[in-house]
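Close look at the chain arrangement
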Amino acid sequence: MYGNDFVDPDEPLNAAEGGALDEVLDQATTRGDGGGFDELIAADKRIEPRDAMPDDYRKTLIRQIAQHAHSEIIGMQPEGNWITRAPSLRRKAILMAKVQDEAGHGLYLYSAAETLGVDRAELLDKLHSGRQKYSSIFNYPTLTWADAGAIGWLVDGAAIMNQVPLCRCSYGPYARAMIRVCKEESFHQRQGFDILWTLVRGTERQKAMAQDAANRWWWPSLMMFGPPDTGEAAKSGHTEQSMAWGIKRFSNDDLRQKFIDMTVPQAQKLGLTLPDPDLRWNEERGHWDFGEIDWDEFWRVLRGDGACNQQRIEHRVAAHDNGAWVREAATAYADKQAQKEAVA
Ligand code: 3HC
């Protein structure tokens, strides 16, 4: 029913757990001879941190992984807004776990970015000063409890569709981080669907609340996949090069179509209407046709003119400043431990 599960409980969560880490590190060591990038990419093998890589490959990965990490931690805010107002203790506990997962995803991804030679403090500084982006989707407000459901169902659903192929990304640390992220996103998508499933079987007002949330989150969720593959924006886009490097495995439009095809039957099951009069099954294509996306809105939000851009960054900077003492304490503790070990 959910369609985008990524759960195989027998699979190890990451290379370390699966005992494959030594093999991976061995490969990284033996390949650290300054060559082989093109051959590895052509053979669809993983690039590891010690491998030589073109500067532009490194820069593209830093840009994408940093933007992804920023999205995870900024993405804590819209739903964090509902933790104190969740309708039951059970919903509150689930939502708290979910928001904490997003923080964890940010940490895996900042760690993956650091293997490329950048420092996370520098990346956070770029986020705070608007020099790096985060996903457009998190600039929309969460007005009702049903928004927590719509985010899980649609936003996390879109995130999984985009991120499962990243588990096969050519850069090892990013690909490995994505495996665990996708497993957790799968739970997030289910809990969102479950919130809406409950609301649509509730009172008329609850059903209307679910419909209103679906109306507001549908189009922004489609925009999450990024600009279209054709037209003016595509000329300055990164897809072609990123696909040649095995960073992206599918184009933005291909993933968007897969998401729509997966989600329409789920909306039907929920008894919700998706706010697109042009949505219809195309027998010939074997896909759902859909209406025009408002790309002006997407670029406006990216330029900082969404409903919540300012609030999100202000909140993020305040949280960072308020947490300074924790970072200082952790650093002091680590220094002390290092000194102790040096003496011993
Ligand atoms: N929001 C903000 N910026 C976006 C965007 C979006 N939804 N989609 C594209 N862009 C930006 C790109 O960063 C790029 O900007 P730049 O040229 O100034 O650097 C420009 O628009 C052109 O887009 P491209 O398609 O050429 O860019 P990419 O090749 O990087 O593809 C992407 C965009 C598909 C989002 C890709 O970067 C990607 O797959 N990233 C990893 C996944 C990710 O970041 N997801 C964010 C959501 S995370 C999340 O939802 C958390 C979950 O828990 C809810």
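For clarity, every value in this text was computed on a predicted model and none was experimentally measured.

1. Focus: the overall build of the chain
Summing up its helical and strand segments, the chain has 16 helices and two strands in all. A total accessible area of about 17300 Å² is found for the chain, and carbon and sulfur atoms account for 53% of it.

2. Examining the packing of aromatic side chains
Counted by the stated rule, this structure contains 10 aromatic pairs. Judged by centre distance (5.8 Å) and plane angle (70°), the rings of Trp281 and Trp288 are edge-to-face. Across from the ring centre of Trp82, 3.9 Å away, lies the NZ or CZ of Arg85, which sits over that ring.

3. Concerning the state of the cysteines
According to the stated counting rule, one finds zero disulfides in the structure shown. As a non-bridged cysteine, Cys167 has Cys182 as the owner of its nearest cysteine sulfur, 3.9 Å distant. Cys167 provides the cysteine sulfur closest to Cys169, a residue in no disulfide bond, and the two sulfurs are 9.6 Å apart. Owing to a relative accessible area of 0%, Cys169 belongs among the buried residues under this scheme.

4. Topic: the pattern of salt bridges
By the definition in use, this model includes 16 salt bridges. Among the ionic pairs, Glu232 bridges to Lys235, the shortest N-O distance being 2.9 Å. In this pair, Glu232 and Lys235 are both assigned in helix α11 (residues 232-235), three residues apart and thus about one turn of the helix distant. The exposed category is assigned to Lys235, whose relative accessible area is 65%. Close ionic contact of Asp253 with Arg256 constitutes a salt bridge, the shortest N to O distance being 2.7 Å. Of this pair, Asp253 and Arg256 both sit in helix α13 (residues 252-270), three residues apart, roughly one helical turn. Classification of Asp253 as partly exposed rests on a relative accessible area of 26%. In the salt-bridge network here, residues are joined through shared partners; they are Glu79, Lys98, Glu102 and Asp156.

5. Some remarks on the environment of Lys126
Note that Lys126 resides in helix α7 (residues 120-128). With near-sequence residues (within four places) excluded, Lys126 lies in contact with Arg131 and Gln132.

6. Some words on the environment of Thr60
Position of Thr60 relative to the elements: it lies in helix α4 (residues 55-74). The class for Thr60 is buried, based on a relative accessible area of 12%. Along the primary structure Thr60 and Ile247 are separated by 187 residues, whereas in three dimensions their C-alpha atoms are 9.0 Å apart. Ignoring sequence-local partners within four residues, the contact set of Thr60 consists of Ser242, Trp245 and Ile247.

7. Observations regarding the confidence of the model for the chain
Scored by pLDDT, the chain comes out at a mean of 92, with 90% of its residues at no less than 70. Confidence drops under a pLDDT of 50 for residues 1-10, and excluding neighbours within four residues, the segment shows 25 contacts in the predicted structure.

8. Here's the deal with the packing of helix α6 (residues 89-114) against helix α8 (residues 145-163)
Their axes nearest at 13 Å, the elements α6 and α8 cross at an angle of 45°. On the basis of the axis angle, α6 is oblique to α8. Crossing of α6 against α8: the hand is left-handed. Contacts from Arg91, Leu95, Lys98 and Glu102 of α6 reach α8 at Trp145, Ile151, Gly152 and Asp156.

9. Thoughts on the site of the ligand
Residues in contact with the ligand amount to 32 residues; listed here are only the nearest, Glu102, Lys133, His238, Lys248 and Asn252. Taking Gln67, its side chain carries an N or O atom lying 2.9 Å from an oxygen atom of the ligand. Asn252 has a polar side-chain atom sitting 2.7 Å from an oxygen atom of the ligand. Elements with a minimum of two residues in the shell around the ligand: α4, α8, α9 (172-200) and α14 (295-305). Counting residues per element, the shell around the ligand draws most heavily on α4, which supplies six residues. Across the shell around the ligand, the residue classes tally to 12 nonpolar, 13 polar and seven charged.

10. A closer look at α8
Between its first and last C-alpha, α8 extends 26 Å over 19 residues, near the 27 Å set by a 1.5 Å rise per residue. Its maximal kink placed at Ile151, α8 deviates by approximately 35°.

11. Comments concerning unusual backbone geometry
What is expected of a backbone is that most residues other than glycine have negative phi and most peptide bonds are trans. The backbone of Asp44 shows a phi angle near 60°, a positive value even though the residue is not glycine. Within the element layout of this structure, Asp44 appears in the loop between α3 (37-42) and α4.

12. Describing the side chain of Glu48
Mapped onto the elements, Glu48 comes out in the loop between α3 and α4. With a relative accessible area of 3%, Glu48 lands in the buried category. Within the local environment of Glu48, its side chain forms a polar contact with the side chain of Arg176, the two groups lying 2.9 Å apart.

About the cut-offs
Residues numbered from 1 in each chain as written. Predicted model: local features only at pLDDT ≥ 70, side-chain atom pairs only at ≥ 80, totals over all residues. Heavy atoms only, no water. Helix = DSSP H or I, 4+ residues; strand = E, 2+ residues; numbered from the N terminus. Areas by Shrake-Rupley, 256 points an atom, 1.4 Å probe, with all protein chains shown as cover. Phe/Tyr/Trp six-rings, centres within 6.5 Å; stacked < 30°, edge-to-face > 60°. Lys NZ or Arg CZ within 6 Å of the ring centre and 35° of its normal. Disulfide = S-S within 2.5 Å. Buried < 20%, exposed > 50% of the residue type's maximum accessible area, 1.4 Å probe, protein only. Salt bridge = Lys/Arg side-chain N within 4 Å of Asp/Glu carboxyl O. Contact = heavy atoms within 4.5 Å. pLDDT = per-residue confidence, 0-100. Axes fitted to C-alpha atoms, helices over the stretch in contact; angles between N-to-C directions. Parallel < 35°, antiparallel > 145°, perpendicular 65-115°, else oblique. Left-handed = near helix turned anticlockwise from the far one by under 90°. Near = heavy atom within 4 Å. Polar contact = N/O pair within 3.5 Å; in protein donor to acceptor, adjacent residues only side chain to side chain. Nonpolar A, V, L, I, M, F, W, Y, C, P; charged D, E, K, R; others polar. Expected span 1.5 Å × (residues − 1). Bend = angle between axes of the 7 residues up to and from the residue.

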